[in-house]
Amino acid sequence: MIDESEVIRSPLLSVLEDLHIKYQQLQEGKLANYIPELAKVNPDLFSICVMTTDGQVFAVGDCQHLFTIQSISKVFVYGMALEEHGREYVLTKVGVEPTGDAFNSIVLDEMSKRPYNPMVNAGAIAITSLIKGSGPTERLNRMLEMFKKYIGHDIFIDISVFMSERTTGHRNRAMAHLMLNFGMIDQKIEEVLDLYFQQCSLMVNCQDLAVMAATLANNGINPITREQAVKSDYVRDILSVMYTCGMYNFAGEWAYKVGLPAKSGVSGGLIVVVPNKMGIAVFSPLLDERGNSVRGVKVCEELSQQYCLHIFDYLRGSCKFNGN
Ligand code: GLN
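This one's a predicted model, so the numbers in the text were calculated from it and none came from an experiment.

A.B. asks: Can you tell me about the packing of aromatic side chains, naming the residues and giving the values?
C.D. replies: A complete count under the given rule lists 5 aromatic pairs for this structure. Stacked on the ring of Phe46, the Lys or Arg Arg295 has its end atom at 5.2 Å from the ring centre.

Written out as structure tokens, the structure is:
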């Protein structure tokens, strides 16, 4: 029998536990309510999971609870499009400029008619339209295979979320038609939208998100399976757009305060990449008015500060975090 008093506790785990206790009290924010499946989620759910690039896991809260990945999927599908078409071609279809607008704004760049970046809905739909395959099934299967490399196990679609997204997604449909009008995506609008809604409806837990983030932190290599999930060459592109556009119209303040590439989703997930060190994932479904997890933002602000993680922090690298 283990004598608890003799177990040496990881200081990082203690920090995560303290943050969890502190922010569990915070009841600010609202659940996403554009579909019933998200509106009925338990608002108290809250988990934090960190995975280092050498595969150590530090988890608090219910890190096994499943939820839909939503917009966090945009990061990984962008990587897939880059691998399939190369940087130059993808850039002709979707820009890399932050919008300062909401994630679902219906705006395209005046001059080029491109969506502004791959992290807002319009850009993500255009990116999804680039996924290769002989038909919808092959495209979906290829996408699932790509996610599996990041996560290390099979991933499934929440069918009721997918059906709700598809039934209510008029705004996304309008964007797709606008892009069709400007020749930014091709005719198969409904197939593209279905694949986009399917990618949003993939089920993950907080630990899955941490390994996905850690894979990006580890030059595209999954720290557990050692599989290359995305070519190292493209990790830099993915992290750049996460840094400038990943938190929607909060991206600037996030870059200023937290200083790390990140991506949030409307179900309350948030991933943060600390290059060459770790991936951080937080899940808490109460959202602020920009659609970012309230507790998620707070936890990451504190972690960044406490461990000097901001990429422009002059102390960066001098603060310990490896469980020490
Ligand atoms: N399914 C949502 C949409 O397309 C995803 C948005 C989000 O997570 N911000 O509108």
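After presenting the structure, the write-up continues.
A.B. asks: Let's hear about the packing of helix 3 (residues 73-85) against helix 6 (residues 136-151): which residues, and what values?
C.D. replies: Relative to each other, helix 3 and helix 6 sit at 110°, their axes nearing to 11 Å. As judged from the angle between their axes, helix 3 and helix 6 are roughly perpendicular. The two elements helix 3 and helix 6 meet at a crossing, and its hand is right-handed. Counting all contacts with helix 3, which are made through Ser73, Phe76, Val77, Met80 and Glu84, the residues of helix 6 involved are Arg142, Met143, Met146, Phe147 and Tyr150. Considering only residue class, the contact of helix 3 with helix 6 consists of 7 nonpolar, 1 polar and 2 charged.

A.B. asks: Which residues make up the site of the ligand, and what values do they have?
C.D. replies: In the vicinity of the ligand, the contacting residues are Tyr34, Gln70, Ser71, Phe103, Asn121, Glu165, Asn172, Tyr196, Cys200, Tyr248, Gly265 and Val266. Ser71 places a polar side-chain atom, nitrogen or oxygen, 2.7 Å from an oxygen atom of the ligand. For the ligand, an oxygen atom lies 2.9 Å from a polar atom in the side chain of Asn121. When isolated, the ligand has an accessible area of 300 Å², and the protein chains bury 95% of it. Taken together, the residues of the shell around the ligand sort by class into 6 nonpolar, 5 polar and 1 charged.

Quick notes on the rules
Residues numbered from 1 in each chain as written. Predicted model: local features only at pLDDT ≥ 70, side-chain atom pairs only at ≥ 80, totals over all residues. Heavy atoms only, no water. Phe/Tyr/Trp six-rings, centres within 6.5 Å; stacked < 30°, edge-to-face > 60°. Lys NZ or Arg CZ within 6 Å of the ring centre and 35° of its normal. Axes fitted to C-alpha atoms, helices over the stretch in contact; angles between N-to-C directions. Helix = DSSP H or I, 4+ residues; strand = E, 2+ residues; numbered from the N terminus. Parallel < 35°, antiparallel > 145°, perpendicular 65-115°, else oblique. Left-handed = near helix turned anticlockwise from the far one by under 90°. Contact = heavy atoms within 4.5 Å. Nonpolar A, V, L, I, M, F, W, Y, C, P; charged D, E, K, R; others polar. Near = heavy atom within 4 Å. Polar contact = N/O pair within 3.5 Å; in protein donor to acceptor, adjacent residues only side chain to side chain. Areas by Shrake-Rupley, 256 points an atom, 1.4 Å probe, with all protein chains shown as cover.

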